[in-house]
Amino acid sequence: MTIPSVPLGPTSDVDGLRPGSSDRQTTTLKIAQCADLPALLPSTSINNTGLKLSRADLLRNYLFMRLPTLGEQVYETYWLPMQDSLSNGEQQLMWLQLVLDGDDRVRRQDLFAAQQQRFERPEVSEADIEAYIRELHRRSAHFRRIVRPENEPDPLVRGHLIRLQDRQAVVAHPALMLLLDRRARGEADAAETARAVEYIESFLVRRTICRVPPNNLNRIFQAVPAQFPQGVPVADGLHQLLSAENRFWPDDEELRTKVREAPFYRYGLPHQRRRVLQRLEESYGHPEPTIPSRGDRDCCRAATWK
């Protein structure tokens, strides 16, 4: 932890000025611990290397400043294991936590301000902040399976997650987190979860093939937790949401038309097109999956698929 600048008081000891060079001097301060200065008072500006803190760093420091008696226990029990397992993914997870709690408008760059406003309410106690971090730790297991799908135990769900990860479908994280959370709560089994994740994959792939602009995808997926229908199976609820007006999920007839008429290799990103072709190949059930070589892909790019 870094220690911010504090006014010099009776407990501060100035060693004095030592010559550093011919035209400058170095000041050394020793700040002793006192009753009203915590030993590990976190900074809200820079870390111990002088680098600007990330939003995740700012929020972590702010939360533990609000945990004067439970801080060490909460850090060792929940925060440190989560931090070690995510490898700098805390910021995305904390933003997802806001979205899952119903804030479908919060931007990633507003993460610290939004959470600070939430915890500054007078009724918020240490127990409330501990509960927030405990829930963050619980949901980090879902997030790890999204960003490292090889850790997903169910083969059907794992296959869809791997393809979405290959597609770099970060935009779908709010919906995926919701689905894995519903499964963990016993509201959906593995088959239902796999069907729901397949809907997300279908939604994204069909939009790419049918050349639907991706500019509204963030808004669509960020709204999923807040707008998710109640009292229906998880997969059906997601299908209902993604099929709503202005979501632009192409139907079978539109897909067939675009496959016949639209130049496939002139739209979308290369890794997304490659994944579509690999998925088509896999659908034939060959005993040895075909993974196109670089030469094959270059040859395909030169053609127009109609």
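Residues numbered from 1 in each chain as written. Predicted model: local features only at pLDDT ≥ 70, side-chain atom pairs only at ≥ 80, totals over all residues. Heavy atoms only, no water.

1. Considering the overall build of the chain
1) Next: The helix and strand tally for the chain stands at 14 helices and 2 strands.
2) Next: Here the chain holds 306 residues, and the buried ones make up 40% of them.
3) Next: When the accessible area of the chain is evaluated, it comes to approximately 17600 Å², of which 50% is carbon and sulfur surface. (Helix = DSSP H or I, 4+ residues; strand = E, 2+ residues; numbered from the N terminus. Buried < 20%, exposed > 50% of the residue type's maximum accessible area, 1.4 Å probe, protein only. Areas by Shrake-Rupley, 256 points an atom, 1.4 Å probe, with all protein chains shown as cover.)

2. Overview of the packing of aromatic side chains
1) Next: Taken as a whole and judged by the stated rule, the model has 8 aromatic pairs.
2) Next: Arranged with centres 5.7 Å apart and planes meeting at 80°, the rings of Phe203 and Trp249 form a pair that is edge-to-face. Taken together, the residues span a long stretch of sequence, with Phe203 in helix α8 (residues 190–209) and Trp249 in the loop between α11 (234–242) and α12 (252–261) at a distance of 46 residues.
3) Next: In textbook terms, an aromatic cluster arises when at least three aromatic residues are bridged by ring pairs, as seen for Tyr199, Phe203, Phe221 and Trp249.
4) Next: The residue whose ring lies beneath Arg108 is Trp95, and the NZ or CZ to ring-centre distance is 3.8 Å. (Phe/Tyr/Trp six-rings, centres within 6.5 Å; stacked < 30°, edge-to-face > 60°. Lys NZ or Arg CZ within 6 Å of the ring centre and 35° of its normal.)

3. Points about the side chain of His160
1) Next: Positionally, His160 belongs in helix α6 (residues 155–166).
2) Next: In terms of polar contacts, His160 uses its side chain to reach the side chain of Arg163, at 3.0 Å.
3) Next: Among the polar contacts made by the side chain of His160, one reaches the side chain of Glu201 at a distance of 2.8 Å.
4) Next: In this structure His160 touches Ala194, Val197, Glu198, Glu201 and Arg279, once residues within four positions along its chain are discounted. (Polar contact = N/O pair within 3.5 Å; in protein donor to acceptor, adjacent residues only side chain to side chain. Contact = heavy atoms within 4.5 Å.)

4. Thoughts on the pattern of salt bridges
1) Next: Here the structure, examined in full by the defined rule, presents 19 salt bridges.
2) Next: Two residues, Asp57 and Arg60, come together in a salt bridge whose shortest N-O distance is 3.5 Å. Here Asp57 and its partner Arg60 are both found in helix α1 (residues 55–65), 3 residues apart, which amounts to about one turn of the helix.
3) Next: Overall, the relative accessible area of 17% leaves Arg60 in the buried class.
4) Next: When salt bridges with common partners are traced through the structure, they connect Asp101, Arg118, Glu135, Arg138, Arg139, Asp181 and Arg185 into a single cluster. (Salt bridge = Lys/Arg side-chain N within 4 Å of Asp/Glu carboxyl O.)

5. Let's talk about the packing of α6 against α8
Pairs of packed helices are described in terms of their axes, by the angle between the two and the distance that separates them.
1) Next: For the pair α6 and α8, interaxial distance at closest approach is 8 Å and the crossing angle is 25°. On the basis of the axis angle, α6 is roughly parallel to α8. Crossing of α6 over α8 shows left-handed handedness. Residues Leu156, Val157, His160, Leu161, Arg163 and Leu164 of α6 form the contact with α8, whose own contacting residues are Ala190, Thr193, Ala194, Val197, Glu198, Ile200, Glu201 and Leu204.
2) Next: Partitioned by chemical class, the residues of the contact of α6 with α8 number 9 nonpolar, 2 polar and 3 charged. (Axes fitted to C-alpha atoms, helices over the stretch in contact; angles between N-to-C directions. Parallel < 35°, antiparallel > 145°, perpendicular 65-115°, else oblique. Left-handed = near helix turned anticlockwise from the far one by under 90°. Nonpolar A, V, L, I, M, F, W, Y, C, P; charged D, E, K, R; others polar.)

6. A look at the side chain of Arg167
1) Next: If you trace the backbone, Arg167 turns up in the loop between α6 and α7 (173–184).
2) Next: Glu201 provides the closest opposite charge to the buried, salt-bridge-free Arg167, at an N-O distance of 7.7 Å.
3) Next: Those residues in contact with Arg167 that sit more than four places away from it in its chain are Leu204, Val205, Thr208, His271 and Gln272. (Lys, Arg positive; Asp, Glu negative; His and termini not counted.)

7. Side note on the nonpolar core
1) Next: Judged by nonpolar contacts, the single largest core of 63 residues is most densely connected at Leu63, Ile133, Ile200, Phe221 and Leu238.
2) Next: Counting 7 residues, the second largest nonpolar core, distinct from the first, contains Ile209, Cys210, Leu255 and Val276. (Core = buried A, V, L, I, M, F, W, Y, C linked by side-chain atoms within 4.5 Å.)

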